[in-house]
Amino acid sequence: MNDYKLLTPGPLTTTESVKGEMLFDHCTWDDDYKKITLDIRRELLSLAHVEEEDHTVVLMQGSGTFGVESVLTSIIGKDEKLLIVANGAYGERMTDIADHSGLSYTVYREHYDKVPSSDAVQRMLKDDAYITHVAMVHSETTSGILNDIEAVAKVVKAEGKTFIVDAMSSFGGVDMDVEKIGIDFLVSSANKCIQGVPGFSFVICRKDKLMESRGKARSLSLDLYDQWKTMDKDGKWRFTSPTHVVLAFSKALKELEEEGGIPARAKRYARSNRLLIKKMKEFGVKPYIDEKNQGPIITTFYYPESSSFSFQEMYDYIKERGYAIYPGKVTEADTFRIGNIGEIYETDIIKLADIFRQFFQEHGLEVTE
Ligand SMILES: *Cc1c(COP(=O)(O)O)cnc(C)c1O
């Protein structure tokens, strides 16, 4: 098998040194290990620009969806109601979670290429007094759009509701002041912009809101409050922790700091993203999301306009030359996606553009450069 770099938005390409941390089988009960968990939680608070007095972090085994499911099924009580704001598959996944767990909820759906409107959210909150919580995705990885959580947070806070954000593919790649924005629960995972490997998600919580959720959980293993209570004592996880993943994540956090923190990483991602879009436009390949709303994480591109184009053929061609791209996920158009997070630099984007050029030329697809 050829080695390739991932242009998928998590799992993503990690450093050799992050991968290297996983060669050691750490025990889970001793103080060394518990300290690693405590340090990770402290560092995540600092990356979110919040203080230990009123915020805390809960790590949860499983992929990102487990974190979202943990929050939704742990903090929304039997007599409470959730408004889900959805403009992509990850917003829709929250409705799936709500259905499975029997949550009372309503949905505000927006087109996949449009940012949800805070006015619409406000109207829904005013019209339905039963709504107590609002949940939305920040970077909708389905399309690559970056939603305006600041504007929505304002109306959610003005109405006195709890705000839950799936910042899975943005936290660490976009600088966010969690307190100032007004996010009560932010969910992300180890294998996205912090550049660790898959295995756990993390939730940055307002402590008072987390405490209010005691006894509300509908699941044993995903009980956010109980997970926190155990972990907060001394850093021991409630059930077996993904030790190798935790070690890799701890290293990834140190490497984020060495890079210059989130501002430096955000700049690198944004630069790669803009360069990629510019290069693809030179070949006549257009992005699905408007420039104004395009996020810096992943880009959806329309297929080239030609009956002879095959995504599978293009995918294989690019993979043989060292990069794995991503199929499209939007429903109304034929698209593919390219992520630019992880250990991906401008040199990779330039190399990738050359591979695309070759492919288009060899296959008689229009290259307008
Ligand atoms: C990756 C991601 C998730 C979680 O997906 P998993 O497959 O469970 O890791 C959730 N929301 C968004 C926006 C994502 O990008």
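Everything below is about the structure printed above this text.
Small disclaimer: the values here were computed from a predicted structure and weren't measured.

### Overview of the packing of helix H2 (residues 31–47) against helix H9 (residues 224–234)
Working step 1: It is the contact of H2 with H9, at a shortest axis distance of 9 Å, that shows an interaxial angle of 110°. Comparing their axes, H9 and H2 come out roughly perpendicular. Contacts between H2 and H9 involve Lys34, Thr37, Leu38 and Arg41 on the former and, on the latter, Trp228, Met231, Asp232 and Asp234.
Working step 2: Class assignment of the residues belonging to the contact of H2 with H9 gives a composition of three nonpolar, one polar and four charged.

### Remarks on the site of the ligand
Working step 1: Lining the immediate surroundings of the ligand are Ser63, Gly64, Thr65, Tyr90, Arg93, Val137, Ser139, Thr141, Asp166, Met168, Ser169 and Lys192.
Working step 2: At a separation of 2.4 Å, an oxygen atom of the ligand approaches a polar side-chain atom of Thr141.
Working step 3: Here Lys192 contributes a side-chain N or O atom positioned 2.8 Å from an oxygen atom of the ligand.
Working step 4: Surface burial for the ligand is 86%, taken as the share of its 380 Å² of free accessible area covered by protein chains.
Working step 5: Secondary structure elements with two or more residues in the shell around the ligand: helix H3 (64–75) and helix H4 (89–101).
Working step 6: Looking at the shell around the ligand residue by residue, the classes come out as three nonpolar, six polar and three charged.

### A closer look at the sheet that holds strand E8 (residues 162–166)
Working step 1: Strand order in the open sheet made by the seven strands is E2-E10-E9-E8-E5-E3-E4, with mixed pairing throughout. Both edges of this open sheet fall to strand E2 (55–61) and strand E4 (105–109), since each of them pairs with a single strand only. Each neighbouring strand pair of the sheet contributes to a mean axis angle of 20°, computed without reference to strand direction.
Working step 2: Inspection of the sheet shows E8 paired to strand E9 (residues 185–189) by three bridges, in the parallel sense. Note that in E9 the partner of Val165 across the bridge is Leu186.
Working step 3: Most of the contacts of H3 go to E9, to which it runs at about 160°, and overall it touches E2, strand E3 (81–86), strand E5 (131–137), E8, E9 and strand E10 (200–206).

About the cut-offs
Residues numbered from 1 in each chain as written. Predicted model: local features only at pLDDT ≥ 70, side-chain atom pairs only at ≥ 80, totals over all residues. Heavy atoms only, no water. Axes fitted to C-alpha atoms, helices over the stretch in contact; angles between N-to-C directions. Helix = DSSP H or I, 4+ residues; strand = E, 2+ residues; numbered from the N terminus. Parallel < 35°, antiparallel > 145°, perpendicular 65-115°, else oblique. Contact = heavy atoms within 4.5 Å. Nonpolar A, V, L, I, M, F, W, Y, C, P; charged D, E, K, R; others polar. Near = heavy atom within 4 Å. Polar contact = N/O pair within 3.5 Å; in protein donor to acceptor, adjacent residues only side chain to side chain. Areas by Shrake-Rupley, 256 points an atom, 1.4 Å probe, with all protein chains shown as cover. Pairing = 2+ DSSP bridges.

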